[in-house]
Number of protein chains: 2
Amino acid sequence: MRKQFRDLASPEEAREAIASLDLTPDAETVALEDARGRVLAERIDAELDVPGFDRASMDGYAVRARDTFGANEAEPVELDLAGAVHAGNEPDVAVDPGTAVEISTGAVMPPGADAVVIVERTEERDGSLVVYSSVAPGDSVMPAGTDIAAGARALGPGTRLTPREIGLLSALGVDEVPVRGTPTVGIVSTGDELVRPGEELRPEAGEIYDVNSYTIAAGVEEAGGVPKLYPHAGDDYEELERLLRRAADECDLVLSSGSTSASAVDVIYRVVEERGELLLHGVSVKPGKPMLVGTLGEGSAYVGLPGYPVSALTIFRTFVAPAIRDAAGLPEPRTATVEGTMATRERYAEGRTRLMPVGLVADGDGKTLVYPVDKGSGATTSLVEADGVVEVPADVEYLAEGESVTVHLFSPDVRAPELLGVGEDDPALSRLLDRVSSPRYLPFGSREGLRRLRDEIADVAVVAGDQGGAVEEIDAVELGSWTREWGLVVPDGNPDEVSGLADLVDDDDLSFVNRDSNSGLRTDLGNAVAALANERGTTRHELVEAIEGFDRGTKAFESPARAVAAGRADAGLGLRATADSLGLGFVSLGKQRVAVLANPARIDKLGVASLRDALATSDDAIAGLTGFERA
Amino acid sequence: MRKQFRDLASPEEAREAIASLDLTPDAETVALEDARGRVLAERIDAELDVPGFDRASMDGYAVRARDTFGANEAEPVELDLAGAVHAGNEPDVAVDPGTAVEISTGAVMPPGADAVVIVERTEERDGSLVVYSSVAPGDSVMPAGTDIAAGARALGPGTRLTPREIGLLSALGVDEVPVRGTPTVGIVSTGDELVRPGEELRPEAGEIYDVNSYTIAAGVEEAGGVPKLYPHAGDDYEELERLLRRAADECDLVLSSGSTSASAVDVIYRVVEERGELLLHGVSVKPGKPMLVGTLGEGSAYVGLPGYPVSALTIFRTFVAPAIRDAAGLPEPRTATVEGTMATRERYAEGRTRLMPVGLVADGDGKTLVYPVDKGSGATTSLVEADGVVEVPADVEYLAEGESVTVHLFSPDVRAPELLGVGEDDPALSRLLDRVSSPRYLPFGSREGLRRLRDEIADVAVVAGDQGGAVEEIDAVELGSWTREWGLVVPDGNPDEVSGLADLVDDDDLSFVNRDSNSGLRTDLGNAVAALANERGTTRHELVEAIEGFDRGTKAFESPARAVAAGRADAGLGLRATADSLGLGFVSLGKQRVAVLANPARIDKLGVASLRDALATSDDAIAGLTGFERA
């Protein structure tokens, strides 16, 4: 029987429930060389003096200071040279009154000596030493314990061990360090349809690669835990049950990410209820509503994450990572959040807290702009389009353009891209972007590129084909352009002997795959259809109706060609470069210009400048691979 | 023959020389689960569509949209139920006109279907489906390739792999990732007097623990390199030569830290000159003047660091870590520098660039104050007292109080302490500090504590003994206080039958070890001597002269007791708690009050507040261990 949780918990209740779980592992001892980044479990007091002896701090001569009183350039004193002592050696000579012993920096002061005369103030002459300066007791001597004295507090519990603390522990001779344990976090994947990366995928059976296991494992590592991936049980529910029990025994915390099958949830319920306790099921937050929190058996905490990757990472970052860091004794990294201002107005009114995925972009003045990323929570790519989340309280109906927000980054290592481009996808562009450090490019088509350039979100838009007057309406600077050959991608050898657009219209047996209407290829194809209609004295609509699949618009530039390659269509809209690279045939319908347009206020941004440089110096290598021709 | 470098290189020339060395290792391939934090070596294009099939995005029924046209609550349409398809299964049924197939989120759309009606808008009745809403083609369906389409640019070269990029690679099924190599950095230690932590130390022979090897190894790791420690050759110069050659063969970069022996430098010169090239010797920077830069053989770069730990870490952080990060493809962490203002005026005029070690402290408003840390570059503890360095150009004569400076932190993980205390050392205090998160305590004595509290550097001063009017002159709030018993620490059983101060004066055979004049113990001892002089009708000076060793002032609170324990003295100034913990005898001379005084502007700082709490709740456990008594 499933326990009933009639009301969703608030985000605060969820945080409290997770905080109430005990993830803290036992302290352990590690070798000094493995201690960097760890957190001291207890206070370390110095057990010895550093240095352990009165130490010469300059090269020179160890003397009794009293013997040098009154010495100066005019009236030096002369001492008998009694021997020498070097660093790392035990003195085999004492400094008796009237004598001096040669000494090197770091060496032990010989018995009797209380000061060092630096070598520059002396002269050796016939086996004796002439001293031109007087010294006081203690001059150029570092007494034992000056650095750290035995008994002193060296480092406190909770200290994070950076190189300098490693240095202090070295100085104290500590080679085994008592540190906080790192919580072991088990990750159990529960979707029937999931396949581990590297294994063979059967998309026809609805299989997809398991994104959450490795993503969450990386997040666990970053938060200071040790991830432990359990094998994937697929639809073997008995095995899933065994895995959950094993994980509960072996880990401080077990995470699973949502399953689309009710059976898997039932198994989780059974294991949680039998040996542990369910603290909450469901949180009033979007995404993350189905979150489960409880204990699995005696030793382990349990959190069930949502299944969609962005949602899973969002809930992990918001609720789970802080708990792992706490258990590991680590502070939240200072770079885990950034402040920014909303680039657009964003409405929202669902009455529950929203963890809104957002992207970051710097404006021309270096200020951070924040824009919502929303391809729906199922989109894996929003993982890479989004830099973090903004927590919008349940009672906030909208965020105004220009409003200040705090972005919780998905990782402290996430940085805003140095270039944000939106627009047409193109193989030459893809290679040009390799020459820009840290670019983000959203291949949403020419129209969307122009829209986001106009809204001052994108730094650059990449626009192909005839966009009517849309380009002129926008205040933009052209960074560069090239041309590309477009047309119909057909099977190798062109078995249907397609010679042009007319065949698509006239041959009822030919099936076609188009691009979506944001694509500049689709725009020019539409214009070509219109021209043909004009030539034939008919309507554009008439011709479009006659092309089977004209409305099958795909979002990505290789998709029509790949449909042809896979035998799912007879022709597809695409580029010659794509046909060539996939070994397919090609029927040219024309050439089109691709232009890179920049927001004039951002042309000095590093990423924009380096894209401009890449455009200016693009070479034959790119042309050969991509059909790129300078426009 | 040593090559002559008559002029010191400038810091810029040193940077250029190091930049000219090639440390970049070959790219390599790592498993996805080990890829977090690494840097992509090449562009990754999607080789498959994600999802790989048209996917139901809601639970419901797959239909032909056309069949639902016109359906509403009042006039539903009825379709035949033809079967079901679940996530992870291949559809074994098609959707023919007039039929519907049950479908779960994530499942493959069956042939014929072009939309999903969500379950909430339907009702199953007698084996057929009643549909209460019309749907359009594509509703609740995510077409193949929506997330990422085959052929699309997924990640560019140089991308740092955080959890979200690991997620994208997972989605693409990539389980082996081409990444930039991590430079291997060999560390060869060259001082004759050095002993590795964990090994036995002979301080009488001038041995000290090797601080630099592990410190620099930790720094290498933090900068993205792989450190490789070579065994310590001691004074075996042939072995040192062999180690240097081996390191040159095995590493991209070899580091050694300064040796006090000319012989070791000669060996390094020989190996560098024979198979490599010396680019520079000596940089016009303090510390770091003796830096060496060159190549060792064909494969390896070489940098010789200074020997003192703070100097070695400073030069490593300033010149070497950036080169390692470059070679690894990593950016400088954003937390590697902080801005602050000078807490004091600092003069400097040596005509070369100074890398000044500094500590950080937040003032009452949370602003970062920067103060110089200078116990001399030999002091290992300044490793822990200093948070980083300020680079002061050669032509700057002083930094004014309040001047803005940039601090280059020793590690991106370094944070300013939450409490900065200066003053008396005390075993109860040491335990109280365990209850404060991230404290820094400088046990420089009561006088120095009061000085730094007055200068508004310290948050709190800890003051013991009679400080005359010094306490009253400072604007401070007392957070709490306790008393401690002080006196003479003598060997166990008190063999010389010392009964008090008079015995020290009167017995010529008794040797004594004192504390330095910053200590509150020394102050009260001085007062006790004055009182005795008064009683005897003589002068304080007279009595002091009669105590052998009165002027031997040690800096740390256990040092006199440890001198007694080691048989180096017959009596030492100290606390009963210290005598007890070291198993020594004790002759009480009195009790003194220890007070914790805070800067009134900083009493709300987290660290100050938690020290106050610790003082208020300090318990018998501390009292039992340390002789702590509430004052």
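Numbers given to residues run from 1 along each chain, matching the order in which its sequence is written. Labels follow written order: the first chain is A, the first ligand is 1, and so on. Residue-level local features of this predicted model are given only where pLDDT is at least 70; pairs of side-chain atoms are given and counted only at 80 or more, and the full residue set underlies all totals for whole chains, interfaces and linings.

S.K.: Would you mind going over the environment of W486 of chain B with me for this structure?
M.R.: Residue and element names in this part refer to chain B. Helix and strand assignments come from DSSP, with helices taken as H or I runs of at least 4 residues and strands as E runs of at least 2, each series counted from the N terminus. Turning to its location among the elements, W486 is positioned in strand β32 (residues 477–490). Put simply, a residue is buried when 20 or more other C-beta atoms lie within 10 Å of its own C-beta and exposed when 12 or fewer do; between those, it is partly exposed, and each C-beta is set from the backbone. We classify W486 as buried; it has 27 C-beta atoms within 10 Å. Separated by 407 residues in the primary sequence, W486 and L79 have C-alpha atoms spaced 96 Å apart. Placing a C-beta atom from the backbone of each residue, one calls two residues in contact when those atoms lie within 7 Å. Beyond its immediate sequence surroundings of up to four residues, W486 is in contact with L521, D524, L575, L589, G590 and Q592.

S.K.: What am I meant to see in the nonpolar core here?
M.R.: Note on soluble globular proteins: their nonpolar side chains tend to be buried together. When buried Ala, Val, Leu, Ile, Met, Phe, Trp, Tyr and Cys residues are joined through C-beta atoms within 7 Å, the set is termed a nonpolar core. In this structure, V460 of chain A together with V460 of chain B are the most contacted members of the largest nonpolar core, which totals 337 residues. The contact partners of V460 of chain A, leaving out residues within four places of it in the chain, are L419, G421, L479, V596, L597, A598, V608 and L611 of chain A.

S.K.: What is the right way to look at the relation of the copies chain B and chain A in this model?
M.R.: Copies are brought into register by a least-squares superposition over C-alpha atoms of residues with pLDDT of at least 70 in both. Overlaying chain B on chain A yields an RMSD of 0.1 Å, the required transformation being a rotation through 180° with an accompanying axial translation of 0.0 Å. The relationship between the two copies is best expressed as a two-fold rotation axis. Taking C-alpha positions as the reference, the residue of chain B nearest the rotation axis is T335 of chain B, at 3.7 Å. Here 100% of the contact residues of chain B are again contact residues in chain A; the copies associate through an equivalent surface.

S.K.: Sorry if this is basic, but what is going on with the pairing of strand β12 (residues 176–179) of chain A here?
M.R.: If a strand is regular, its side chains alternate between the two faces of the sheet. Residue and element names in this part refer to chain A. Alternating residues of β12 divide into V177 and V179, all buried, and E176 and P178, none buried. In this description, strands pair whenever DSSP reports at least two bridges between them. Pairing of strand β1 (residues 28–31) with β12 involves four bridges; the strand directions are antiparallel. Note that in β12 the partner of T29 across the bridge is P178.

S.K.: In this structure, what is going on with unusual backbone geometry? I would like to understand it.
M.R.: In most cases, non-glycine residues show a negative phi, while peptide bonds are predominantly trans. Following K286 of chain A, the chain continues to P287 of chain A via a peptide bond in cis, the omega torsion being -5°. Within the secondary structure layout, P287 of chain A lies in the loop between β19 (285–286) and β20 (292–296). Located in the positive-phi region is N494 of chain A, a residue other than glycine, with phi close to 50°. Note on placement: N494 of chain A falls in the loop between β32 (477–490) and α10 (501–506). Look at N494 of chain A and you get partly exposed, because 15 C-beta atoms sit within 10 Å. Despite not being glycine, D126 of chain B shows a phi value in the positive range, around 55°. Mapped onto the elements, D126 of chain B comes out in the loop between β8 (122–125) and β9 (128–131).

S.K.: Looking at this model, I keep getting lost on the domain arrangement of chain A. Mind explaining?
M.R.: Where interface size is given, it is often the accessible area lost as the parts come together that is meant. According to the domain assignment, chain A consists of domain 1 (11–24 + 183–328), domain 2 (28–50 + 147–179), domain 3 (55–142), domain 4 (335–416) and domain 5 (422–630). Each domain's extent is set by a domain assignment, obtained either automatically or from a database. Computed over C-alpha atoms, the centres of domain 2 of chain A and domain 4 of chain A are 41 Å apart.

S.K.: What should I look at first to understand the sheet that holds strand β5 (residues 77–85) of chain B in this one?
M.R.: All names here are of chain B. An order of β7-β4-β6-β5-β9-β8 is seen for the six strands of this open sheet, with the pairing classed as mixed. This sheet does not close on itself; its edge strands, each paired only once, are β7 (115–118) and β8. Strand-to-strand twist of the sheet, defined as the mean angle between neighbouring strand axes without regard to direction, takes the value 40°. In terms of strand pairing, β8 meets β9 through four bridges, oriented antiparallel. Paired with T122 across the two strands is V131, which belongs to β9. Angles here are taken between N-to-C directions and fall from 0 to 180 degrees, while the axes themselves are lines fitted to C-alpha atoms, restricted in helices to the stretch in contact.

S.K.: For this particular structure, what's the right way to read the packing of helix α1 (residues 11–20) of chain A against helix α6 (residues 309–328) of chain A?
M.R.: If you want to describe how two helices pack, look at the angle between their axes and the distance between the axes. Residues and elements named next belong to chain A. In contact at an axis separation of 10 Å, α1 and α6 are set at 25° when each is read in the N-to-C sense. When the axis of α1 is compared with that of α6, the two are roughly parallel. The interaxial crossing formed by α1 with α6 has right-handed handedness. Between α1, through A14, R15, I18 and A19, and α6, the contact on the second element is made entirely by F319, V320 and A323. Any angle that falls under 35 degrees is termed roughly parallel, while one over 145 is termed roughly antiparallel, one within 65 to 115 roughly perpendicular, and all others oblique. Each crossing gets its handedness from the near helix: less than a right angle anticlockwise from the far helix is left-handed, clockwise is right-handed.

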